[in-house]
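Each chain is listed here by its residues.
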Amino acid sequence: MLKGKKIILGITGSIAAYKAVVLTRLLIKSGCEVRVVMTPSAAKFISPLTLSTLSKNKVACAIVEADSWTNHIEYGLWADLFLIAPASANTLAKMAHGLCDNMLMAVYLSVRCPVLISPAMDEDMWKHPATQKNIEILKSFHHHILPVEHGELASGLIGPGRMAEPDDIIHFIENFFYSQKKLQGIKALVGLGPTVEPIDAVRVITNRSSGKMGIALVNALINLGAEVTVVSGPVSEVVSMGASILRVQTAQDMYEAMMHEFPKNKLIIMAAAVSDYTVEKPSAAKIKKKTDSLTLNLIKTKDILRAMGLAKTDHQVLVGFALETDNEEANAIDKLKKKNADYIILNSLQDAGAGFSTDTNKVTIYSKKHKPFILPLQSKSELSAKIIEYLIAHENL
């Protein structure tokens, strides 16, 4: 399954570097071409000569070696996957913030392929808020983070922080390359984030949507090889680098962008929180506080999901979201019918850990053909992967 795959193995300064010997051997045995890149600290734990012998390639330890420049750009263009194992807390921090002071970081900042990270460190370092924040940043970059294992650590403590075992990493890589093909050739359109409707030159009407759920769905689609176009309202989160992004502001902007892109795509997911109303006549200047009250005349915005539902063909799959506070199931089923959507994904503000700006969510998937399917509370990235797998299992994608 891995025959012919080009893998860069990045090794950082960790006692777990010894596992890289077994990992290199297993990658070669699986038919991969392997190039090893090491940090200066990693070379203190394990010999570059050992890895060069196993990989049958020169090991890159520095950008400049013996008056010769190592072309890190060429590495970045060559690889199908950049695997960093072990990844120390120090290297995770550098990756999250774009620091470049060694060959490994130069290659990392140059790669165009997927990045797979297997962290390794002591328990307290792993649990530190700074490390966890860096992990979240790297996930937002559309990188894959292998879970750390629980066990005996170099400090003598027992806890989480051990690098994943080489056999498990190989298994993950095999599944990764297999899963990448599931949506290869499929074009997907995702609307995400809030819209903002101007009141005057300064003030706007908006909502609390962070766009996190939509971004997680984009990541899940890209992981499976889909070609993704994103129509995004104003969000502070990082939208995936692998997608084509169209930035919009108002509900009308989003309507125009979604309807323009809609015919080109097989799978359409409307995860945006679009304003239901907009100000009829926004002021071109800032409205001064001259009176005790202010009346705004609001008019309905265009119903984007319904417009797409009326226009969709038998070859398209349309997915909408419903965020409800009461009568959740009835409202979701009603929306499914009125919008002519294939699926409505319901989440409730009554559920702890779900809704706006959280990193977790809990949803129920409704469709015209199947029984409601409940996905319990979990991270939005995990949830999104399961939503896409559900759609693949029930549609001709």
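Report on the accompanying structure. (Residues numbered from 1 in each chain as written. Predicted model: local features only at pLDDT ≥ 70, side-chain atom pairs only at ≥ 80, totals over all residues. Heavy atoms only, no water.)

1. Details of the overall build of the protein
The following threshold applies: Numbered from the N terminus, helices here are DSSP runs of H or I no shorter than four residues, and strands are runs of E no shorter than two. The rule is simple: take the accessible area with a 1.4 Å probe, protein chains only, and divide by the maximum for that residue type; under 20% is buried, over 50% is exposed, in between is partly exposed. Only the protein chains shown count as cover for residues, with accessible areas throughout obtained via the Shrake-Rupley method and a probe of 1.4 Å. Under the counting rule used here, the positive set is Lys and Arg, the negative set is Asp and Glu, and His together with the chain ends is not counted. Throughout, a charge is located at the NZ atom of Lys, the CZ atom of Arg, the CG atom of Asp or the CD atom of Glu.
Across its full length, the protein carries 13 helices and 21 strands. For the protein, the spread of C-alpha atoms along the three principal axes comes to 75 × 55 × 40 Å. Looking at the 397 residues of the protein, the share that counts as buried comes to 51%. Carbon and sulfur atoms make up 53% of the accessible area of the protein, which totals about 19300 Å². Between the mean site of the 44 positive side-chain charges and the mean site of the 39 negative ones, the protein shows a separation of 4 Å.

2. Considerations on the sheet that holds strand β13 (residues 227-232)
Inclusion rule: Paired strands, as defined in this entry, are two strands with at least two bridges between them according to DSSP. Fitted lines through C-alpha atoms give the axes, limited to the stretch in contact for helices. The angle between two N-to-C directions lies from 0 to 180 degrees. Contacts were defined at the residue level, with two residues in contact if any of their heavy atoms lie within 4.5 Å.
The eight strands lie next to each other as β14-β13-β10-β15-β18-β19-β20-β21, forming an open sheet whose pairing is mixed. A single partner strand is all that each edge strand has here, and the edge strands are β14 (244-247) and β21 (373-379). Along the sheet, successive strands turn relative to each other by an average axial angle of 20 degrees, direction set aside. Taken strand by strand, helix α12 (residues 328-339) contacts β18 (317-324), β19 (343-348) and β20 (360-367), and its axis lies near 155 degrees from that of β19.

3. Comments concerning the nonpolar core
We apply this condition: Definition used in this section: a nonpolar core is a set of buried Ala, Val, Leu, Ile, Met, Phe, Trp, Tyr and Cys residues joined via side-chain atoms within 4.5 Å.
The biggest cluster of nonpolar side chains holds 37 residues, and the ones touching the most others in it are Leu221, Ile387 and Ile388. Only β10 (187-192), α9 (212-223), β13, β15 (267-270), β18, β19, β20 and α13 (380-394) provide two or more residues apiece to this core. Residues within four places of isoleucine 387 in sequence aside, it is in contact with Met213, Leu217, Ile345, Val363, Ile365 and Leu375. Residues Ile7, Ala20, Leu26 and Ala164 belong to the second largest nonpolar core, which totals 32 residues.

4. Section: the pairing of β10
Among the six residues in β10, five count as buried, and that is most of the element. Here β10 pairs with β13 via six bridges, running parallel. Across the sheet, residue valine 190 finds its bridge partner in β13, namely valine 230. In this sheet, β15 lies alongside β10 in parallel orientation, the contact comprising four bridges. Opposite valine 190, over in β15, you have isoleucine 269 as the bridge partner.

5. Thoughts on the packing of helix α10 (residues 251-261) against helix α11 (residues 304-311)
Threshold: Here roughly perpendicular refers to angles of 65 to 115 degrees, roughly parallel to angles under 35, roughly antiparallel to angles over 145, and oblique to all remaining angles. In this scheme the crossing of two helices becomes right-handed for a clockwise turn of the near helix relative to the far one and left-handed for an anticlockwise turn of less than a right angle.
For the pair α10 and α11, interaxial distance at closest approach is 10 Å and the crossing angle is 20 degrees. Between α10 and α11, the interaxial angle falls into the category roughly parallel. Where α10 crosses over α11, the handedness of that crossing is right-handed. Contacts between α10 and α11 involve Ala251, Met254, Tyr255, Met258 and Met259 on the former and, on the latter, Ile304, Ala307 and Met308.

6. Brief notes about the pattern of salt bridges
Proximity of charged atoms lets side chains of opposite charge pair with each other. Condition: Take a side-chain nitrogen of Lys or Arg and a carboxyl oxygen of Asp or Glu: if they are within 4 Å of each other, that pair is a salt bridge.
For the structure shown, the criterion picks out 13 salt bridges. Where aspartate 101 meets lysine 94, a salt bridge forms, and the shortest distance between an N and an O atom there is 2.9 Å. Here aspartate 101 falls in the exposed class, since its relative accessible area comes to 54%. Glutamate 261 serves as the salt-bridge partner of lysine 264, at 3.4 Å between the closest nitrogen and oxygen. For lysine 264, a relative accessible area of 45% gives the class partly exposed. Where salt bridges share partners, they join Lys19, Arg162 and Glu165 into one cluster.

7. Here we look at the packing of aromatic side chains
As a reminder, the rule being used: A pair of Phe, Tyr and Trp rings is counted when the ring centres sit within 6.5 Å of each other, with Trp represented by its six-membered ring. The angle between the planes then sorts it: under 30 degrees is stacked, over 60 is edge-to-face, the rest tilted.
Throughout the structure, instances matching the rule amount to three aromatic pairs. Where phenylalanine 176 meets phenylalanine 177, the ring centres are 5.3 Å apart and the plane angle is 70 degrees; that geometry is what we call edge-to-face. Pair check on accessibility: phenylalanine 176 and phenylalanine 177 agree, each one buried. Judged by centre distance (5.0 Å) and plane angle (25 degrees), the rings of phenylalanine 373 and tyrosine 390 are stacked. Of the two residues, phenylalanine 373 sits in strand β21 while tyrosine 390 sits in helix α13, which places them 17 residues apart along the sequence. Its relative accessible area of 6% is what places tyrosine 390 among the buried residues. A connected cluster of aromatic rings, assembled from ring pairs, spans Tyr343, Phe373 and Tyr390.

8. Here we look at the layout of surface pockets
This is how it is decided: The way it works is a 1 Å grid over only the protein atoms, where trapped points that fit a 1.4 Å probe form a cavity and open points with protein on both sides within 12 Å along at least five of seven lines form a pocket, and then any residue with an atom within 4 Å of a point lines it. Grid points are joined across faces, edges and corners, and a volume is the space filled by probe spheres set on the points. For this scheme, ten residues count as nonpolar: Ala, Val, Leu, Ile, Met, Phe, Trp, Tyr, Cys and Pro. Four count as charged, namely Asp, Glu, Lys and Arg, and the remainder, Gly too, count as polar.
Empty space within the largest pocket amounts to approximately 1300 Å³. Mapped onto the lining of the largest pocket, the elements with two or more residues apiece are α7 (129-140), β7 (144-145), α8 (166-180), α9 and α13. The residue inventory of the lining of the largest pocket, partitioned by class, reads 14 nonpolar, 12 polar and 12 charged. What the second largest pocket holds in volume is close to 1100 Å³. Around the second largest pocket, the lining comprises 39 residues; the ones closest to its centre are Ala272, Val274, Asp276, Phe321 and Lys335. If you list the elements that add at least two residues to the lining of the second largest pocket, you get α9, α11, β18 and α12. Of the residues contributing to the lining of the second largest pocket, the split by class is 13 nonpolar, 15 polar and 11 charged.

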